[in-house]
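Spelled out, the chains give:
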Amino acid sequence: MFRSFFRSKRWFFWAWVGSVLILAVTWYKVQLDVQINEWFGTFYDTVQKALGEPGSVTFGQYMAEMMTFLRIAGIYIFIAVVLDFFIKHFIFRWRTAMNDYYMAHWQAVRHIEGASQRVQEDTMRFARIMEGLGVSFMRSVMTLFAFLPLLWELSTKVTELPWIGAVSHSLVYVAILSAASGTVLLALVGFKLPGLEFENQKVEAAYRKELVYGEDHGDRASPPAVTELFGHVRRNYFRLFFHYLYFDVAKWSYLQATVLVPYIALGPTIVSGAVTLGVMQQIVRAFSRVENSFQYLVNAWTTIVELMSVYKRLRAFEANIWDYERNGGKPVPMPAE
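- As annotated in an unreviewed UniProt entry, the protein chain carries the name SbmA/BacA-like family and comes from Polymorphum gilvum.
- Entered under Subcellular location (unreviewed entry) in the UniProt record, the comment concerning the protein chain runs "Cell membrane".

What follows is the structure, encoded as C-alpha cells:
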C-alpha cells in the first residue's frame, strides 16, 4: 500500500514532490483562513459601531469591508479548486502504483478469496479514503498550528470561566478538554465497529464470488446457496446498523453540545461587556477551528473504521506476496506510464 508508491523510483516525483507541494499549498490555504478570521473581527466591530452610532460608518466604508472579504475568498476558492484537482491526480497515481504492484504478483495471489475485488475495489476504496482522511488530517494539523497561537492570544481577553473563575489562556484548555472528551467517548462506544466492517467485507466478497461463478457455471449460484450467503450479509448488516445506532446517538449529541461550549465559556466575559462583537466573533471562530482540529478523530471515526477494514484486507493480501518473494518468486514487469 505504501512502498509501491513512496519507495518507487518511477513514482518519486508524484510521491515526494507532490506531497511537499500539497503540504505547502494546504498551509497557504490555512493562512488565508486566518486572514478571514481577522476580517470577521474588523467587520463585526464596524457593524457594531454603525448600529451603535448612526452615521459613524459610511456606505463606502461598509462596502470596502465586503470587497476585502471577496478578495481573500476569491484567492481561497482558486487555491482550493486547483489543490483538489492536483490531489485527485496524486491519489490516482498512488492507486496505479498499488494496482501495478499487485498485478505484477498476480500468480501469487490469484487463488486468494476475492483477489480480483481486492485489486480493483479495495485499491479504489483505499485511494478514495486516503484522499479524504489524508487531506483532512493535514488541514487539521496545520489549522491547529495556525489558530492555536491566535486563540492563546485571544484568550487573554477572557475575564473568567463560569463556575471556575479566572484562568490564564482558558479557552485553549477548554477546547482541548472538549475535544478529548468527545474522542474518548466515541472510541469507547465505537470500538466494535472496525471488526464488524472487516467481517462485512468478508461476507460481501463471498456473496459476490458465488454470483460471479454463477455467470459461467449453471450449477453455481443456486437459490439455496445464494439465500444462505445473502443471509450472512443481512445478519452482519443488521449488527452494523444496531452498533451504528448508539454510536450516532453519542456522536451527534456530542457535536451539537459542543456548539454551545465557546458561548458558555465566554458567558461572564460577554455579560460584563469586556469584549466587542468583533472580538467575540474572532474568539468563537478561532475556538471552533482549534476544537475541530482536536476533534479530527471524532469527525473521521466512521471513515477510519472503513479504512481499517480495507487495510486489513490488503495487508493480508500483501502477506501472500511477501511469502511468494521470499520463496524466490519474481514479479512480472509492468509497462511504464
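Regarding the overall build of the protein chain
In step 1: Along the backbone of the protein chain there are 12 helices and zero strands.
In step 2: For a compact globule of 337 residues, the expected C-alpha radius of gyration is about 20 Å, and the protein chain comes in at 26 Å, more than 25% above that figure.
In step 3: Expressed along its principal axes, the backbone C-alpha trace of the protein chain runs to roughly 85 × 45 × 35 Å.
In step 4: Per-residue burial for the protein chain yields a buried fraction of 45% across its 337 residues.
In step 5: Taking the contacts inside the protein chain whose residues are at least 6 apart along the sequence as the reference set, 82% of them involve residues at least 24 apart.
In step 6: As displayed, the protein chain offers around 18400 Å² of accessible surface, 66% of which is attributable to carbon and sulfur atoms.
In step 7: Charged side chains of the protein chain number 32 positive and 28 negative; the gap between the two group centres comes to 5 Å.

Some details on the nonpolar core
In step 1: In this structure, Phe5, Ile22, Phe90, Trp94, Tyr102, Phe126 and Leu133 are the most contacted members of the largest nonpolar core, which totals 31 residues.
In step 2: Mapped by element, the contributors of at least two residues to this core are α2 (12-52), α3 (59-104), α5 (115-154) and α12 (296-326).
In step 3: Counting 25 residues, the second-largest nonpolar core is a separate cluster that includes Met142, Val158, Val172 and Val174.

A few points about the packing of helix α7 (residues 193-216) against helix α8 (residues 223-258)
In step 1: Closest axis-to-axis distance for the α7/α8 pair is 9 Å, and the angle between their directions is 160°. Compared by their axis directions, α7 and α8 come out roughly antiparallel. Viewed along their axes, α7 and α8 form a crossing whose handedness is left-handed.
In step 2: Grouping the constituent residues of the contact of α7 with α8 by class yields 15 nonpolar, four polar and five charged.

With respect to the packing of aromatic side chains
In step 1: All chains considered together, the criterion is met by 17 aromatic pairs.
In step 2: A centroid spacing of 5.9 Å and a plane angle of 45° characterise the contact between Phe43 and Tyr62, whose relative ring orientation is tilted. Taken together, the residues Phe43 in helix α2 and Tyr62 in helix α3 connect sequence positions 19 residues apart.
In step 3: Seen in terms of ring centroids, Phe242 and Tyr246 are 5.8 Å apart; in terms of plane orientation they differ by 75°. Their pairing is edge-to-face. In this pair, Phe242 and Tyr246 both sit in helix α8, four residues apart, roughly one turn of the helix.
In step 4: Put simply, the rings of Phe5, Phe6, Trp11, Trp16, Phe90, Trp94 and Phe126 pair up and form one aromatic cluster.

The rules behind these values
- Residues numbered from 1 in each chain as written.
- Predicted model: local features only at pLDDT ≥ 70, side-chain atom pairs only at ≥ 80, totals over all residues.
- Heavy atoms only, no water.
- UniProt positions renumbered as here; feature names shortened; annotations may be inferred.
- Helix = DSSP H or I, 4+ residues; strand = E, 2+ residues; numbered from the N terminus.
- Rg over C-alpha atoms; globule rule 2.2 N^0.38 Å.
- Buried < 20%, exposed > 50% of the residue type's maximum accessible area, 1.4 Å probe, protein only.
- Contact = heavy atoms within 4.5 Å.
- Areas by Shrake-Rupley, 256 points an atom, 1.4 Å probe, with all protein chains shown as cover.
- Lys, Arg positive; Asp, Glu negative; His and termini not counted.
- Charge placed at Lys NZ, Arg CZ, Asp CG, Glu CD.
- Core = buried A, V, L, I, M, F, W, Y, C linked by side-chain atoms within 4.5 Å.
- Axes fitted to C-alpha atoms, helices over the stretch in contact; angles between N-to-C directions.
- Parallel < 35°, antiparallel > 145°, perpendicular 65-115°, else oblique.
- Left-handed = near helix turned anticlockwise from the far one by under 90°.
- Nonpolar A, V, L, I, M, F, W, Y, C, P; charged D, E, K, R; others polar.
- Phe/Tyr/Trp six-rings, centres within 6.5 Å; stacked < 30°, edge-to-face > 60°.

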